[in-house]
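What follows is the residue order along each chain.
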Amino acid sequence: MKKKIRSLLCLLLIAALSLTACGSSTAEFTDEAVLKIDGQEIMKSEYMVYLYTTTQSFVAAAGEDVWNMDFDGQTADELVEERTISTLQSVKAAEEYAAANGIALTDEQKEEAKAAAEQFISTVDEADLAKMGMDTEKLIPLMEASYLYSLVYESIAGECAVDEADMAAYYEEQKDQIKEDYTTLKVATILLDDGEKAEEAADRAKAGEDFAALFQEYDVDPAVQNGEENGETTMYQSYMLANFGLAEPLEVGEIAGPIQVEEGRYFILKALEKTVPTEEEVKQMAETGYQDKIQTEYTEARIDEMVKAQKVEKIESVWATLEKFH
């Protein structure tokens, strides 16, 4: 569980670290309370960090068009606001639980939180940092609180016992699908940024020309060109189907493409090797997956109970002045 849920804020920052953008500087930042959760003041700077990361996660999931979408009667901005507040509520609930149950970060975890804060500050545009009123010193305790959330999550999950008979039944029901999903394919890839060239390269590959030679001729990723793998990578079949829009997994020797994965980017794939997990590996994945599922449901329900019991108050005079990150 620890590896999966290391830091709530870090999970949100994954999107933020890859979607930073340039912008002009903003007016001088005044830090003041913007919310109260059970009477505890949430400062504008803390709220804005979570608003920023939530905004970026929405854009990562749905693209810039997300701001024109309808979410069951809510705008994207309204949903981002709701998610930001609920995330802060979860963090504050975890802090209270940790204090009541003697849970604290180790020195090593504090160092990890500090490093994560420094990385975030170094990658975010100055204009967005100005909107947050944020620097490394102010971000460190927020990151520590996020790491503390992960410890609380693990602690609560540990209370949940998994029924062995139910887990065995889950394995029997899911084993064939797990074997299919987690079969790995080693594939050779060619990345192109021109549709006509992509069609040309795909036609040549399907006609039997050497794929490695075509990679050297056409691939446009300099990092891959300079590596030792020659565009070869290994992925689960489930990942390939989800991310490349294929109806069926590739068979060894089969070539697919060109596949447009985003505007101006095309892949050609060739399946090189297929590895099917053993029965024991499938059983282990099923047991781990079932345990994670049950413990996640239990833990999130417990945290949701804490959140629902909280009283949230907006400080309207400050709330009305908040900026957005899009």
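Before reading on, note that the structure itself is shown above.
Every chain begins its residue count from 1, and numbering advances along the sequence as written. Whole-chain, interface and lining totals are the exception, using all residues; otherwise, since this is a predicted model, local features are given only for residues with pLDDT of at least 70 and side-chain atom pairs are given and counted only at 80 or more. Side-chain numbers here rest on the full set of heavy atoms in the structure, without hydrogens or water.

A.B. asks: Give a description of the overall build of the protein that names residues and reports values.
C.D. replies: Helices and strands together make up the secondary structure of the protein, namely 13 helices and 9 strands. Only protein chains enter the area calculation, which uses a 1.4 Å probe; residues under 20% of their type maximum are buried, those over 50% are exposed, and those in between are partly exposed. Going through the 326 residues of the protein one by one, you find that 41% of them count as buried. Only heavy atoms matter for contacts: two residues are in contact if any of them lie within 4.5 Å across the pair. Considering only intrachain contacts with a sequence separation of at least 6, the fraction spanning at least 24 residues in the protein is 76%. Going along the chain from the N terminus, every DSSP run of H or I of four or more residues is numbered as a helix, and every run of E of two or more is numbered as a strand.

A.B. asks: Could you give an account of the sheet that holds strand S5 (residues 184-192), with specific residues and numbers?
C.D. replies: Taken together, the 4 strands give an open sheet; going across it, the order is S6-S5-S8-S7, and neighbouring strands pair in antiparallel fashion. The sheet is open, and its two edges are formed by strand S6 (232-236) and strand S7 (255-262), each paired on a single side. Taking the axes of each pair of neighbouring strands and ignoring which way they run, one obtains an average angle of 40° across the sheet. Pairing analysis gives 9 bridges linking S5 to strand S8 (residues 265-275), with the strands arranged antiparallel. The residue of S8 that forms the bridge with Ile190 is Ile268. Relative to S5, helix H9 (residues 211-218) is tilted by about 35°, and along the sheet it contacts S5, S7 and S8. DSSP bridges decide pairing: two strands pair if at least two such bridges lie between them. To obtain each axis, a line is fitted to C-alpha atoms, and for helices this fit is confined to the stretch in contact; angles are then taken between N-to-C directions over 0 to 180 degrees.

A.B. asks: Lay out the pairing of S7 in plain terms, naming residues and giving numbers.
C.D. replies: Sheet faces and side chains relate simply in a regular strand, where the side chains alternate between the two faces. Sheet topology note: the S7/S8 ladder contains 5 bridges and is antiparallel. Among the inter-strand pairings, Ile255 is bridged to a residue of S8, identified as Lys270. Hairpin geometry of S7 and S8 is characterised by an intervening segment of 2 residues between the two adjacent antiparallel strands and by a positive phi of about 80° at Gly264.

A.B. asks: Talk me through the packing of aromatic side chains; I want residue IDs and the actual numbers.
C.D. replies: Pairing of aromatic rings covers Phe, Tyr and Trp, the last through its six-membered ring, and needs centres within 6.5 Å; plane angles under 30 degrees mean stacked, over 60 mean edge-to-face, and all others mean tilted. Inspection of the entire model under this criterion finds 8 aromatic pairs. Ring geometry for Phe58 versus Phe71: centroids 6.4 Å apart, planes at 65°, classification edge-to-face. Of this pair, Phe58 sits in helix H2 (residues 44-62) while Phe71 sits in strand S3 (residues 70-71), placing them 13 residues apart in sequence. One aromatic cluster in this structure is built from Tyr52, Phe120 and Phe325. Charge over a ring is defined by NZ of Lys or CZ of Arg lying within 6 Å of the ring centre and within 35 degrees of the ring normal. Directly above the ring of Phe29 sits Lys44, whose terminal nitrogen or CZ lies 4.8 Å from the centroid.

A.B. asks: Just give me the short version of the nonpolar core, but keep the residues and values in it.
C.D. replies: Counting residues in each nonpolar core, the largest one holds 52 residues, and the members touching the most others are Leu35, Tyr47, Met132, Met134 and Leu139. The greatest single-element share of this core, amounting to 12 residues, is contributed by helix H6 (residues 136-157). Setting aside chain neighbours within four positions, we find Leu35 in contact with Gln40, Glu41, Ile42, Tyr47, Ile85, Leu88, Val312, Glu313, Lys314, Ile315 and Trp319. Counting residues in each nonpolar core, the second largest holds 14 residues, with Ile190, Leu192, Phe215 and Tyr266 among its members. In plain words, nonpolar cores are sets of buried Ala, Val, Leu, Ile, Met, Phe, Trp, Tyr and Cys residues tied together by side-chain atoms within 4.5 Å.

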